[in-house]
Amino acid sequence: MQKNRIQWSKYLQVSKARLLIASSLSFACVFHVNLVSAIDSSTITIVALSDQPLTGQPADVPSFFLDAKLNNAGQVLFKASLGDSSDGAVVSGFRDQLHVVAREEESIDGSSGDYFNGFESQTALGDSGAIAFQARISGPSGNSEGIWIETTPGQLELVARTLDQAPGLAPGTVFSDFSDSRLSLGQNGELLMFVDTGQLNSSGGTQTSSDGYWTRSVDGNLEFLAARGAIAPGTS
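So, how was this worked out
Residues numbered from 1 in each chain as written. Predicted model: local features only at pLDDT ≥ 70, side-chain atom pairs only at ≥ 80, totals over all residues. Heavy atoms only, no water. Helix = DSSP H or I, 4+ residues; strand = E, 2+ residues; numbered from the N terminus. Buried < 20%, exposed > 50% of the residue type's maximum accessible area, 1.4 Å probe, protein only. Contact = heavy atoms within 4.5 Å. Areas by Shrake-Rupley, 256 points an atom, 1.4 Å probe, with all protein chains shown as cover. Phe/Tyr/Trp six-rings, centres within 6.5 Å; stacked < 30°, edge-to-face > 60°. 1 Å grid on protein atoms, 1.4 Å probe; cavity = no way out; pocket = protein on both sides within 12 Å on 5 of 7 lines; lining within 4 Å. Points joined across faces, edges and corners; volume = space filled by probe spheres on them. Nonpolar A, V, L, I, M, F, W, Y, C, P; charged D, E, K, R; others polar. Pairing = 2+ DSSP bridges. Axes fitted to C-alpha atoms, helices over the stretch in contact; angles between N-to-C directions. Core = buried A, V, L, I, M, F, W, Y, C linked by side-chain atoms within 4.5 Å.

Colleague: Would you take a moment to explain the overall build of the protein chain for this structure?
Modeller: Within the protein chain one finds 0 helices and 16 strands. Sorting the 236 residues of the protein chain into buried and exposed places 43% on the buried side. Considering only residue pairs separated by 6 or more positions, the protein chain has 34% of its internal contacts joining residues 24 or more positions apart. Here the protein chain has roughly 12400 Å² of accessible surface; of this, 48% comes from carbon and sulfur atoms.

Structure (C-alpha cells):
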C-alpha cells in the first residue's frame, strides 16, 4: 500500500475537536479529529477525500479543499473544487451526510440569470448549523458580490449585495466591497458582518469609502450597529 506523506496541514480547534486539512503530492483530505482527552490518543475519521465522492453526494468528487470549519455539534464547513471542471463549491453537514450549499455556475436565485462566480475566503459556521459565506456574482446584472446565509439546508437567503443601500446610513451610502468582510454567526443563527461602504456616485460606482458592522437577526432583519467615524454611544 502506498504511503502518502503530508506536505502541509492546518486545523481549527473547537472545544475538544479539530478539523484538519492535509495534503500530499497525490491526495488531499479533510479529517475530523476527536480529542478523547489531553493524554489519550485521538480518534481520527475522514470527512472528505480527494477523488472520492462526498458522503451523501455521490455525483460530487472533490479534488481540493480550503478553509475548513467545525462547530461544537460536529458539523463541518469547507470549500472544495468539484468534478472534472473543478467548480468551486461550499460544502457542509455532518461527516456522514454532506451537502453542497452552493457551487460556481449555479443560479443565485433560480430566476435572474445571475450565478455564483467564485467563493471568497470568508465563511462562517454556527453551533445551530447555520452557514454564511461571501461569493462573487456574474450575469445579466453585471459583476458584483454578495453575502448569503443558510439556516435550513437547501434554503439560501441573500443577506446583502454590493450597491445595496446600507441600512442605518444616509441615502446613497451603499455596501461597496465584501472582499475584506468578516462574518460571524451566533448560537441561534444570528449573523454579525463587517463590510466596506461607499457613497454612490453618478456613474454607478462608489467613492469616499468607509466600513461598519451590521447584524442580521434570526427572522431576517438587517440592522446597523456602528460605522467608522460615527460618534461612539455614550461619549457625546
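Colleague: Would you take a moment to explain the packing of aromatic side chains for this structure?
Modeller: We describe a pair of aromatic rings using the distance from one ring centre to the other and the angle between the two ring planes. Taken as a whole and judged by the stated rule, the model has 10 aromatic pairs. Measuring from ring centre to ring centre gives 5.8 Å for Phe 119 and Phe 133, while their planes differ by 70°; the resulting arrangement is edge-to-face. Remark: Phe 133 occurs in strand E10 (residues 131-138) and Phe 119 occurs in strand E9 (residues 115-125); sequence separation between them is 14 residues. Centroid distance Phe 194 to Tyr 213: 4.9 Å. Interplanar angle 45°. Geometry classified as tilted. A residue pair is termed long-range when its members are at least 10 positions apart, and Phe 194 in strand E14 (residues 191-200) and Tyr 213 in strand E15 (residues 206-216) qualify at 19 residues.

Colleague: What is the right way to read the layout of surface pockets from this model?
Modeller: Empty pockets left among the atoms are what a rolling probe the size of a water molecule brings to light. Considering only enclosed or pocket space, the largest pocket measures out at about 160 Å³ in volume. Lining the largest pocket are 14 residues; nearest its centre among them are Gln 75, Ser 92, Gly 93, His 99 and Pro 153. Listed by contribution, the elements that provide at least two residues to the lining of the largest pocket are strand E7 (87-94), strand E8 (97-103) and strand E11 (144-152). Residue composition of the lining of the largest pocket, grouped by class: 5 nonpolar, 8 polar and 1 charged.

Colleague: Can you help me understand the sheet that holds E11 in this one?
Modeller: Pairing between the strands of a sheet is mediated by backbone hydrogen bonds and can be parallel or antiparallel. Taken in spatial order, the 4 strands line up as E9-E10-E11-E12 in an open sheet, and their pairing is antiparallel. With one partner strand each, in any of the chains shown, E9 and strand E12 (155-161) form the two edges of the open sheet. If you compare each strand with its neighbour and ignore which way they point, the axes differ by 30° on average. Relative to E11, E10 is paired through 7 bridges, and the arrangement is antiparallel. Paired with Ile 131 across the strands is Glu 150, a residue of E11.

Colleague: So what exactly am I meant to see when it comes to the pairing of E12 here?
Modeller: Side-chain direction in a regular strand flips from residue to residue, so the side chains alternate between the two faces of the sheet. Pairing between E11 and E12: 6 bridges, direction antiparallel. Bridging across to E12, Gly 146 finds its partner in Arg 161. Counted along the chain from E11 to the antiparallel partner E12, the turn is 2 residues long, and its residue Gly 154 has a positive phi close to 90°.

Colleague: Please explain the nonpolar core as it appears in this structure.
Modeller: Membership of the largest hydrophobic core comes to 16 residues, with the highest contact counts inside it found for Ile 147, Phe 175, Leu 191 and Met 193. Elements with a minimum of two residues in this core: E11, E12, strand E13 (173-185) and E14. Broken down by element, the residue count for this core peaks at 4 residues, all from E13. Counting residues in hydrophobic clusters, the runner-up holds 14 residues, among them Leu 54, Phe 65, Phe 78 and Val 91.

Colleague: Help me out: how do you make sense of the environment of Leu 222 in this one?
Modeller: Topologically, Leu 222 is positioned in strand E16 (residues 222-227). Spatially, the C-alpha atoms of Leu 222 and Leu 192 are 9.6 Å apart, while their sequence positions differ by 30 residues. With sequence-adjacent residues up to four places away left out, Leu 222 is seen in contact with Val 159, Pro 167, Phe 175, Met 193, Trp 214, Thr 215 and Arg 216.

Colleague: It is not clear to me how the environment of Gly 198 should be interpreted in this structure. Could you clarify?
Modeller: Inspection of the secondary structure assignment puts Gly 198 in strand E14. For Gly 198, a relative accessible area of 2% puts it in the buried group. Spatially, the C-alpha atom of Gly 198 lies 9.9 Å from that of Thr 162, the residues being 36 residues apart in sequence.

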